[in-house]
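Survey of secondary and tertiary structure
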Amino acid sequence: GAGVSQSPSNKVTEKGKDVELRCDPISGHTALYWYRQSLGQGLEFLIYFQGNSAPDKSGLPSDRFSAERTGGSVSTLTIQRTQQEDSAVYLCASSSGGGLYNEQFFGPGTRLTVL
Amino acid sequence: AQSVTQLDSQVPVFEEAPVELRCNYSSSVSVYLFWYVQYPNQGLQLLLKYLSGSTLVKGINGFEAEFNKSQTSFHLRKPSVHISDTAEYFCAVSWMDSSYKLIFGSGTRLLVRP
């Protein structure tokens, strides 16, 4: 497809379980971003990738959160020992470069519910 | 800390009426400004952006926004709304020292009624 895709679209898990969220960026986009959208709040920056490296991980809320990107393409956001406060929509975006002149294109998100 | 404020969580308006969605941010030093729209069950879509130049920016679907440096604002306007404009609107700001990172407001739900 032409856009950013994310899977799964919905994920329900039990507290304490680990989850993996996947993002497929637009082909050729070197920059990739993860954001979190909690109920009633705006989007919160989590992490930024340029290629396979993450120059800015400052938004990851705790050490239970990690992300990787392989082959300069697909990225996985992993949440270990999930907590109820992790419930949110996780959005991925990609752009052709990491600067402000490069529009970020967003995926539809993964809705995570932690019971 | 850098922050973006959208004071109105919801704005109801009748079809064909004008609308303004407000956005303020915490610092005017070298900022870049964006408005995104999120239609139900869809991803975010860029409406318009201000990077430099004219302070009045025109975007898609008849929307425009004006950058006001002294008031640190970037309000979104449309002179006549349609039912199809019903959506969530997010203001976002990027600061020069970390231009890849967008800081978002909490969003404003525009509800257009017939």
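Everything below is about the structure printed above this text.
Residues numbered from 1 in each chain as written. Chains lettered and ligands numbered in written order. Predicted model: local features only at pLDDT ≥ 70, side-chain atom pairs only at ≥ 80, totals over all residues. Heavy atoms only, no water.

Moving on to the sheet that holds strand 8 (residues 75-79) of chain A. All names here are of chain A. Pairing in this open sheet of four strands is antiparallel, and the strands run 1-3-8-7 from one edge to the other. Every interior strand has two partners, whereas the edge strands, strand 1 (5-7) and strand 7 (65-69), have only one. Neighbouring strand axes in the sheet, compared pairwise and without regard to direction, differ in orientation by 15 degrees on average. Pairing between strand 1 and strand 3 (residues 19-24): three bridges, direction antiparallel. Looking across to strand 3, one finds that S5 is bridged to D24. (Pairing = 2+ DSSP bridges. Helix = DSSP H or I, 4+ residues; strand = E, 2+ residues; numbered from the N terminus. Axes fitted to C-alpha atoms, helices over the stretch in contact; angles between N-to-C directions.)

General note: in soluble globular proteins, nonpolar side chains tend to be found buried as a group. Counting residues in each nonpolar core, the largest one holds 30 residues, and the members touching the most others are W35, L48, L76 and Y89 of chain B. Residue assignment for this core shows that the elements contributing at least two residues are strand 2 (10-14), strand 3 (19-21), strand 5 (31-38), strand 6 (44-50), strand 8 (64-68), strand 9 (73-78), strand 10 (87-95) and strand 12 (108-113) of chain B. Ranked by residues supplied to this core, first place goes to strand 10 of chain B with five residues. Residues Y48, V89 and L91 of chain A together with Y100 of chain B belong to the second largest nonpolar core, which totals 21 residues. (Core = buried A, V, L, I, M, F, W, Y, C linked by side-chain atoms within 4.5 Å. Buried < 20%, exposed > 50% of the residue type's maximum accessible area, 1.4 Å probe, protein only.)

Bringing the pattern of salt bridges into the picture now. All names here are of chain B. Counted under the stated rule, the structure contains ten salt bridges over all chains. E66 serves as the salt-bridge partner of R77, at 3.6 Å between the closest nitrogen and oxygen. Remark: E66 occurs in strand 8 and R77 occurs in strand 9; sequence separation between them is eleven residues. Under the relative-accessibility criterion, R77 is labelled partly exposed at 28%. Take E66: its relative accessible area is 34%, and that puts it in the partly exposed class. What emerges from the salt-bridge pattern is a single network uniting E20, E66 and R77. (Salt bridge = Lys/Arg side-chain N within 4 Å of Asp/Glu carboxyl O.)

It is worth spelling out the state of the cysteines at this point. Residues and elements named next belong to chain A. Under the counting rule described, the total for this entry stands at two disulfides over all chains. The disulfide that involves C23 links it to C92, with 1.9 Å between the sulfurs. Handedness here is read from the sign of the S-S torsion; for C23 and C92, about -65 degrees, the answer is left-handed. Of this pair, C23 sits in strand 3 while C92 sits in strand 9 (residues 88-95), placing them 69 residues apart in sequence. (Disulfide = S-S within 2.5 Å.)

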